[in-house]
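Listed below, chain by chain, are the residues.
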Amino acid sequence: MSAEIARRDFLKAAAAGAAGIAAASVFGGASAFAEDQARVFEGKKKFAGIGSIREVTEDILYVGASDRRIQLFENVYPIPRGVAYNSYVLLDEKTVLFDTVDRSVTGQFFENLTAVLDGRELDYLVVDHMEPDHSSAISEVLVRWPNATVVCTKAAALILNQFFACDISDRSILVDEGDTLNVGRHTLTFVMAPMVHWPEVMMTYDDVSGALFCADAFGSFGALNGNLFADEVDFEKDWLPDARRYYCNIVGKYGPQVQDVLSKAASVDIRILCPTHGPVWRENLGWILEKYSLWSSYTPEEKAVMVVYGSVYGGTESAANALAAQISQKGIADVAVYDVSKTHVSELIAEAFRCSHIVLAAITYNMGIFTPMKNFLLDLEAHNLQNRVFAIVENGSWSPASGRQMKEIVSRLSGCSIVGDTVTIRSSPDSGDSDALIALADAVAASVTDESAVPEAAEAAAGKKWVCKICGYVYEGDAVPEDYVCPICGAGPDAFEEA
């Protein structure tokens, strides 16, 4: 009997402890709970955080962390080199934390943050972006530092409440374009960046250091390996492909919004770029800004040809290889060939943004386009690719149909054209097909070397402009139609105001 009573008492005590921990998630009681626990067991002081902190400037410190275990970013994009989640602290008369991290690295993050604050209170948490890989630690930050004030956009406050069901109305400052916050020697200016690439995004500019805390802009896949700054690595060799793949797949659809932010950046003395992923830029900023200008205006980065083929039994693959060889023999050095079934579509999207010319070679499958090729083309359309030159090769043993259908999708891409005649293969290429492939190679090579062949980003037409208040999309015309739906965020005409 006594053993049974002892067991019940133990279960009651355990339940009470669990209830206390649950209650600690409510902001009001969390601090007291944490203090009680600290008095019971202070724990071993953690030194790892001190070692992994880096100075961006003398009073701006990096407190982020990297995840090398993750295999798919956003559960979509392979990232064999992992990814970094960047967060920064400004130490002035007031202390400021710029964004948090993904939940996978919160342990390291809080070690870093605690070490940097060194007993000081956290005064402000600036939320530039509410996507969970940067906001997962917000609720715990607000629990640990109950006097911290959140600085964010109105849209961010709404999304924060959706994620964490917490009311920050009594501990927040909601900012808009050009608003400022003085924290001592430093004054922060807030720059709105809606749909780069969520509607609530903003960037924060520090007038003393010239640092722009730029959310997901200028970021990259890849874990940081001790080197924080882009000038500490061979960025073009080791990081540019991941930076391009990151931009084109994550932000690529929103080129006009990125262009708007770049125009704002041109009027500010930016000396440091502090993204939420990848290396920090403090030198040669013009180089990465130029890359973003090309990508966001859908201007080809290189005069290059990518040949993408979809083949089942090898006939189309053989034709693609022959065509690539012929294009190379015409003097075009930058030619790359991809099997659409093997290469991840994120790699193909990045290459499409890089290259000026794209050859599509696909079999006819169930009277349509070979499924992986169709998915690739629809992904190109979803990412708003523009201003490219295409060439078409189709295969069909009895009723070729893929060429016509590929052309239909290409025709929907703004500023794109098709060069040469469609080459039609019947099962496997023969000598007659060889002549057609050589002719198509001639047409592609001539187009690559012709400076006027690749369409350039069109200049904006003069006239009225209407800006969506939710996402920043610009509609041009005398008036927004009554049945108009914003193609970015789905808002109706009432959300637009004249620019």
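Structure shown above.
Because the structure is predicted, anything quoted here is derived from the model rather than measured. (Residues numbered from 1 in each chain as written. Predicted model: local features only at pLDDT ≥ 70, side-chain atom pairs only at ≥ 80, totals over all residues. Heavy atoms only, no water.)

K.L.:
So what's going on with the overall build of the protein? Residues and values would help.
P.N.:
If you tally the helices and strands in the protein, you get 15 helices and 26 strands. Residue burial in the protein is summarised as follows: out of 499 residues, 50% are buried. Considering only residue pairs separated by 6 or more positions, the protein has 71% of its internal contacts joining residues 24 or more positions apart. Summing over all exposed atoms, the protein offers an accessible surface of approximately 22700 Å²; the carbon and sulfur share of this is 51%. (Helix = DSSP H or I, 4+ residues; strand = E, 2+ residues; numbered from the N terminus. Buried < 20%, exposed > 50% of the residue type's maximum accessible area, 1.4 Å probe, protein only. Contact = heavy atoms within 4.5 Å. Areas by Shrake-Rupley, 256 points an atom, 1.4 Å probe, with all protein chains shown as cover.)

K.L.:
Any chance you could break down the sheet that holds strand β7 (residues 88-91) for me, citing the residues and the numbers?
P.N.:
Spatially, β1-β2-β7-β8-β9-β10-β11 is the arrangement adopted by the 7 strands of the open sheet, whose pairing is mixed. What marks the edges here is a single partner per strand, and that holds for β1 (54-55) and β11 (172-174). Its contacts with the sheet put helix α4 (residues 106-117) on β2 (60-62), β7 and β8 (95-98), and the angle it makes with β7 is roughly 10°. (Pairing = 2+ DSSP bridges. Axes fitted to C-alpha atoms, helices over the stretch in contact; angles between N-to-C directions.)

K.L.:
Explain a nonpolar patch on the surface to me, using residue names and the numbers behind them.
P.N.:
On the surface, a cluster of nonpolar side chains totalling about 390 Å² of accessible area is made up of Val 312, Tyr 313 and Tyr 365. In this structure, Val 312 sits in the loop between β17 (302-310) and α11 (315-329). Accessibility expressed as a relative area gives 41% for Val 312, which makes it partly exposed. (Patch = residues over 30% accessible without salt bridge, like charges linked within 9 Å, V, L, I, M, F, W, Y side chains within 5 Å. Salt bridge = Lys/Arg side-chain N within 4 Å of Asp/Glu carboxyl O.)

K.L.:
Tell me about the pattern of salt bridges, and please be specific about residues and values.
P.N.:
Under the criterion given, the structure shown has 19 salt bridges. Across the salt bridge formed by Glu 140 and Arg 144, the nearest N and O atoms sit 2.8 Å from each other. Taken together, the residues Glu 140 and Arg 144, both in helix α6 (residues 138-144) and 4 residues apart, mark about one turn of the helix. Judged by relative accessible area, Arg 144 falls into the partly exposed class, the value being 41%.

K.L.:
Can you lay out the pairing of strand β24 (residues 465-468) for me, pointing to particular residues and giving the numbers?
P.N.:
Burial of β24 is one-sided: the residues Trp 466 and Cys 468 facing one way are buried, the residues Lys 465 and Val 467 facing the other way are not. Summarising the sheet, β24 and strand β25 (residues 474-476) pair through 3 bridges and their orientation is antiparallel. Bridging from a neighbouring strand, Val 467 pairs with Val 474 of β25. The sheet contact formed by β24 and strand β26 (residues 496-498) spans 3 bridges and is antiparallel. Considered in β26, the bridge of Val 467 is made with Glu 497.

K.L.:
Residues and numbers for the nonpolar core, please.
P.N.:
By size, the foremost hydrophobic cluster in this structure holds 126 residues, and its most contacted members are Val 56, Leu 360, Met 373 and Phe 376. Among the elements that line this core, the one with the most residues is helix α8 (residues 235-251), at 9 residues. In terms of nonpolar packing, the next biggest core, distinct from the first, is built from 23 residues, Val 307, Ala 319, Leu 323 and Leu 437 among them. (Core = buried A, V, L, I, M, F, W, Y, C linked by side-chain atoms within 4.5 Å.)

K.L.:
Talk me through the packing of helix α12 (residues 345-354) against helix α13 (residues 371-382); I want residue IDs and the actual numbers.
P.N.:
Across the interface, α12 lies against α13 with an axial gap of 10 Å and an inter-helix angle of 55°. Taken together, the axes of α12 and α13 are oblique relative to one another. Read as a crossing pair, α12 and α13 show a hand that is right-handed. Contacts between α12 and α13 involve Val 345, Leu 348, Ile 349 and Ala 352 from the former and Phe 376, Asp 379 and Leu 380 from the latter. Here the contact of α12 with α13 is built from residues that sort into 6 nonpolar, no polar and 1 charged. (Parallel < 35°, antiparallel > 145°, perpendicular 65-115°, else oblique. Left-handed = near helix turned anticlockwise from the far one by under 90°. Nonpolar A, V, L, I, M, F, W, Y, C, P; charged D, E, K, R; others polar.)

K.L.:
Describe the packing of aromatic side chains, naming the residues involved and giving the relevant values.
P.N.:
How two aromatic rings sit relative to each other is given by the distance of their centres and the angle of their planes. Inspection of every chain in the model, using the stated rule, returns 20 aromatic pairs. Plain terms: the ring middles of Phe 73 and Phe 221 are 5.3 Å apart, the flat faces sit at 65° to each other, and that makes the pair edge-to-face. On the criterion of sequence distance, the pair formed by Phe 73 in strand β4 (residues 72-73) and Phe 221 in the loop between β15 (211-213) and α8 is long-range, its members being 148 residues apart. Assigned by exposure class, Phe 73 and Phe 221 land together as buried. Measuring from centroid to centroid gives 5.6 Å for Tyr 484 and Phe 496, while their planes differ by 75°, and the two rings are edge-to-face. Remark: Phe 496 occurs in strand β26 and Tyr 484 occurs in the loop between β25 and β26; sequence separation between them is 12 residues. The exposure class assigned to Phe 496 is buried, which follows from its relative accessible area of 8%. Clustering of aromatic rings is evident, with ring pairs tying together Tyr 62, Tyr 88, Phe 98 and Phe 213. (Phe/Tyr/Trp six-rings, centres within 6.5 Å; stacked < 30°, edge-to-face > 60°.)

K.L.:
Give a description of unusual backbone geometry that names residues and reports values.
P.N.:
Generally, phi is negative for residues other than glycine and the peptide bonds are trans, each holding for most cases. In the segment running from Val 196 into His 197, the intervening peptide bond is cis, with an omega of 10°. Checked against the element boundaries, His 197 lands in the loop between β13 (187-192) and β14 (202-206). One non-glycine residue, Met 367, lies in positive phi territory at about 65°. Note on placement: Met 367 falls in the loop between β19 (355-365) and β20 (368-369). On the basis of relative accessibility, which here comes to 47%, the residue Met 367 falls in the partly exposed class.

K.L.:
I'd love a proper account of the side chain of Glu 131, names of residues and values included.
P.N.:
Mapped onto the secondary structure, Glu 131 falls in the loop between β9 (124-126) and α5 (132-135). Despite its burial, Glu 131 pairs with no opposite charge; the closest candidate is Arg 103, at 13 Å N-O. Filtering out sequence-adjacent residues up to four positions away, Glu 131 remains in contact with Glu 74, His 197, Trp 198, Glu 200 and Asp 216. (Lys, Arg positive; Asp, Glu negative; His and termini not counted.)

K.L.:
Which residues make up the environment of Ile 369, and what are the values?
P.N.:
One can find Ile 369 in strand β20. With relative accessibility at 6%, the residue Ile 369 sits in the buried group. Filtering out sequence-adjacent residues up to four positions away, Ile 369 remains in contact with Ala 362, Ile 363, Lys 374, Leu 377, Ser 402, Gln 405, Met 406 and Ile 409.

K.L.:
Before we move on, can you summarise α13 with the specific residues and values?
P.N.:
With 12 residues, α13 ought to run about 16 Å at 1.5 Å a step, and its terminal C-alpha atoms sit 16 Å apart, in line with that. Those residues of α13 that fall on the buried side of the exposure criterion are Met 373, Phe 376, Leu 377 and Leu 380. On an axial view of α13, the arc spanned by its buried residues comes to 95°, and they lie on one face. Contacts from the buried residues of α13 go to β17, α12, β19, β20, β21 (389-395) and α14 (402-411). Asn 384 sits one or two positions beyond α13 and adopts a positive phi of about 70°. (Expected span 1.5 Å × (residues − 1). Arc of directions from axis to C-beta.)

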